[in-house]
Amino acid sequence: MMMMVILHYPAVAPTLAEVRADKEQAAAFFENEVPGLIDKTWGMNEETGRMASVYHFEDKATADAWFNSEKQRSFRRANNASLEYFDVAAIAYTKPLREEATA
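Since this is a predicted model, take the numbers as computed values, not measurements. Each residue is numbered by its place in its chain's sequence as written, counting from 1. The model is predicted, so local features are restricted to residues of pLDDT at least 70 and side-chain atom pairs to those at 80 or more, both for listing and for counting; the totals for chains, interfaces and linings are taken over all residues. Computation of side-chain values covers all heavy atoms of the structure but excludes hydrogens and water.

Peer 1: Could you give an account of the overall build of the protein chain, naming the residues involved and the relevant values?
Peer 2: A run of H or I in DSSP becomes a helix once it reaches four residues, and a run of E becomes a strand once it reaches two; helices and strands are each numbered from the N terminus. From N to C terminus, the protein chain includes four helices and four strands. Listed N to C, the secondary structure of the protein chain is β-α-β-β-α-α-β-α in terms of helices and strands. By the compact-globule yardstick of 13 Å for 103 residues, the protein chain fits well, its C-alpha radius of gyration being 14 Å. In terms of its C-alpha atoms, the protein chain occupies a principal-axis envelope of roughly 35 × 35 × 25 Å. In this description the radius of gyration comes from C-alpha coordinates, and the expected globular size is given by 2.2 Å times residues to the power 0.38.

And the structure:
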């Protein structure tokens, strides 16, 4: 069953523009190096200084493999990040986010 995982953490940069520039650089890593990852979306609330990443994985095993990796465990420890798993019940899709984010 497909899994959605939401990770909450402090902002990695002070503005949305800076986060966008940083994460556009990081996207290739996630596209090429995280087995089972379908997509990842980064979001930021500039008012609260918080961020969230929403991941969709092919299944719980691939999500567990990523979130149990030393890279992810270190990130969560360093950023006091919280993690929550959800079984995917349905998906609505209208257009690719990448086109909208760069427009």
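Peer 1: Got a sec to walk through helix α1 (residues 16-33)? Specific residues and values, please.
Peer 2: To estimate how far a helix should reach, multiply one less than its number of residues by 1.5 Å. The end-to-end C-alpha distance of α1, which contains 18 residues, comes to 25 Å, matching closely the 26 Å that a straight helix rising 1.5 Å per residue would cover. Bend at a given residue is defined as the angle between two axes, one fitted to the seven residues that end at that position and one fitted to the seven that begin there. Its axis deflected by about 35° at Q25, α1 carries its strongest bend there. Throughout, exposure labels follow a simple rule: accessible area from a 1.4 Å probe, protein chains only, divided by the maximum for the residue type, with under 20% read as buried, over 50% as exposed, and the rest as partly exposed. Within the span of α1, buried status applies to V19, K23, A27 and F30.

Peer 1: Lay out the nonpolar core in plain terms, naming residues and giving numbers.
Peer 2: Side-chain atoms within 4.5 Å are what join buried Ala, Val, Leu, Ile, Met, Phe, Trp, Tyr and Cys residues into a set we call a nonpolar core. Core analysis: the biggest nonpolar cluster contains 17 residues, and Y55, F57 and W66 have the highest contact counts within it. Sorting the residues of this core by element identifies β1 (3-10), α1, β2 (37-45), β3 (50-57) and α2 (60-67) as the ones contributing at least two each. Tallying contributions element by element places β1 first for this core, with four residues. Contact definition: two residues touch when any of their heavy atoms are within 4.5 Å. With residues up to four places along the chain from it excluded, the contact list for Y55 reads M3, M4, V5, L7, F30, L37, D39, K40, W66, F67 and Q72.

Peer 1: Give me the lowdown on the sheet that holds strand β4 (residues 82-87), citing residues and values where you can.
Peer 2: A pair of strands counts as paired when DSSP detects no fewer than two bridges linking them. With respect to topology, four strands assemble into an open sheet ordered β2-β3-β1-β4, the strand pairing being antiparallel. In this open sheet, the two edge strands, each paired with only one partner strand, are β2 and β4. Within the sheet, the average angular offset between the axes of one strand and its neighbour, ignoring direction, is 15°. In this structure, β1 lies alongside β4, joined through six bridges in antiparallel fashion. The residue bridging I6 from the neighbouring strand is E84, located in β4. Between N-to-C directions, angles cover 0 to 180 degrees, with each direction set by a line fitted to C-alpha atoms, over the stretch in contact for helices. Relative to β2, α1 is tilted by about 165°, and along the sheet it contacts β2 and β3. The strands that helix α3 (residues 70-79) touches are β1, β3 and β4; relative to β1, the one it contacts most, it runs at about 40°.

Peer 1: Describe the pairing of β1, listing the residues and the values that go with them.
Peer 2: Working note: regular strand, side chains alternate between the two faces of the sheet. Both β1 and β3 contribute to a ladder of eight bridges, which runs antiparallel. Within β3, the residue paired with M4 across the bridge is H56.

Peer 1: Any chance you could break down the pattern of salt bridges for me, citing the residues and the numbers?
Peer 2: Definition used for salt bridges: Asp or Glu carboxyl oxygen within 4 Å of a side-chain nitrogen of Lys or Arg. For the structure on display, the rule yields four salt bridges. A salt bridge links R73 to E70; the shortest N-O distance between them is 2.7 Å. Note that R73 and E70 are positioned in helix α3 at a spacing of three residues, about one turn of the helix. R77 is the partner of E70 in a salt bridge, and the nearest nitrogen-oxygen pair spans 2.8 Å. On the basis of relative accessibility, which here comes to 42%, the residue E70 falls in the partly exposed class. Put simply, E70, R73 and R77 are held in one network by salt bridges that share partners.

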